[in-house]
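So you can see what is in the structure, the chains are spelled out below.
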Amino acid sequence: SDRWQMQFNASKCKVLQVGPKNKHYSYTMGGFAPAGRVLDRSVEEKDIGVMIHESLKPGVQCAKAAKKANQVLGQMARGLHFRDKHTWIGFYRQYCRPHLETCIQAWSPWTKTDIDLLESVQQRAVKMCSGLKGKTYTERLKEVGLTTLEERRTRGDMIQVWKTLHKKDDVNPETWFTPVNPIGAATRVTADKLNLVKPSNLNLDIRRKFWSVRSVDKWNSLPKELKSSGSVITFKCNYDKL
């Protein structure tokens, strides 16, 4: 900061301390105390649009996303009085659902409470659609051509895995995944060089539900031809058919 002559405003900086074993030390900026300013501690902060809680659990972000999506849904309801499925669902897909899926690989929920909270927004949206009275949620989804948000999240995970392994994003695949060893023992997993090895040190739900871990089993279960798709569009189309 001193070298580049870009000073931080210490009053706007905070400390987010993560982990159950964190000793919660105090940190200063601008020199050691008492000359420097002791930074305030925060339990949650927004990072690129995603709320990061000190527990690393996505509950806060899920609540924020559901609240925003419900607000947009209310605005849509006030502006559209005739809600035929083509117009209404089109508006829902474009203006409401993105709030429930933006950066979802980083905060996909795993508790039933958070999953149901997000799904309730789509349930409300579909229920407001004209001509679907008396049908169950599953029947309404089929009628309007939607899937559950949980299925959408799995689809999004698979798309991101494909883009990472095929180097369509500017990231190193080895940072996230460990490919199988084709020279090792012949098993169902090693039969496909695009399959992945799941880490073994998975003691916490936070780690087990992390994107690069939760995606491994589902990715390995996909057909070899699907994983070898030549483009992301082809992968999406073939995945939807599957």
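In this report, we go over the structure that sits alongside the text. Everything numeric in this text was worked out from a predicted model, so none of it was measured.

**Focus: the nonpolar core**
1) Next: With 29 residues, the main nonpolar core has Leu73, Trp88, Tyr92, Cys96 and Leu118 as its most contacted residues.
2) Next: When contributions to this core are tallied by element, the ones reaching two or more residues are helix 1 (59–79), helix 2 (85–101), helix 3 (104–107), helix 4 (112–127) and helix 5 (137–144).
3) Next: Examining the composition of this core, we find that eight residues originate from one element, helix 1, more than from any other.
4) Next: Residues contacting Tyr92, with those up to four places away along its chain left out, are Leu73, Met76, Arg97, Pro98, Leu100, Gln122, Ala125, Leu146 and Leu149.
5) Next: Trp211, Trp219, Leu222 and Phe235 belong to the second-largest nonpolar core, a separate cluster that totals 14 residues.

**Looking at unusual backbone geometry**
1) Next: Unusually for a residue other than glycine, His24 sits at a positive phi of about 55°.
2) Next: Here Leu56, not a glycine, exhibits a phi torsion of approximately 65°, which is positive.
3) Next: In this fold, Leu56 is placed in the loop between strand 6 (50–53) and helix 1.
4) Next: With relative accessibility at 42%, the residue Leu56 sits in the partly exposed group.

**Topic: the pattern of salt bridges**
1) Next: Counted according to the given criterion, the structure contains 10 salt bridges.
2) Next: Note that Asp217 and Lys198 form a salt bridge whose closest N and O atoms lie 2.9 Å from each other. Of this pair, Asp217 sits in helix 9 (residues 211–221) while Lys198 sits in the loop between strand 8 (196–197) and helix 8 (205–208), and the two are 19 residues apart along the sequence.
3) Next: According to the relative accessible area criterion, Lys198 is partly exposed, its value standing at 37%.
4) Next: It is possible to trace a salt-bridge network through shared partners that takes in Lys85, Lys135 and Glu143.

**Regarding helix 6 (residues 149–165)**
1) Next: Relative to the 24 Å expected for 17 residues at 1.5 Å per residue, helix 6 spans 24 Å between its end C-alpha atoms, a close match to the ideal helical length.
2) Next: Extensive coverage of helix 6 is indicated by the burial of 12 of its 17 residues.
3) Next: Those residues of helix 6 that sit buried are Leu149, Arg153, Arg155, Gly156, Asp157, Met158, Ile159, Gln160, Val161, Trp162, Thr164 and Leu165.
4) Next: Two residues or fewer after helix 6 comes Lys167, characterised by a positive phi angle close to 55°.

About the criteria used
- Residues numbered from 1 in each chain as written.
- Predicted model: local features only at pLDDT ≥ 70, side-chain atom pairs only at ≥ 80, totals over all residues.
- Heavy atoms only, no water.
- Core = buried A, V, L, I, M, F, W, Y, C linked by side-chain atoms within 4.5 Å.
- Buried < 20%, exposed > 50% of the residue type's maximum accessible area, 1.4 Å probe, protein only.
- Helix = DSSP H or I, 4+ residues; strand = E, 2+ residues; numbered from the N terminus.
- Contact = heavy atoms within 4.5 Å.
- Salt bridge = Lys/Arg side-chain N within 4 Å of Asp/Glu carboxyl O.
- Expected span 1.5 Å × (residues − 1).

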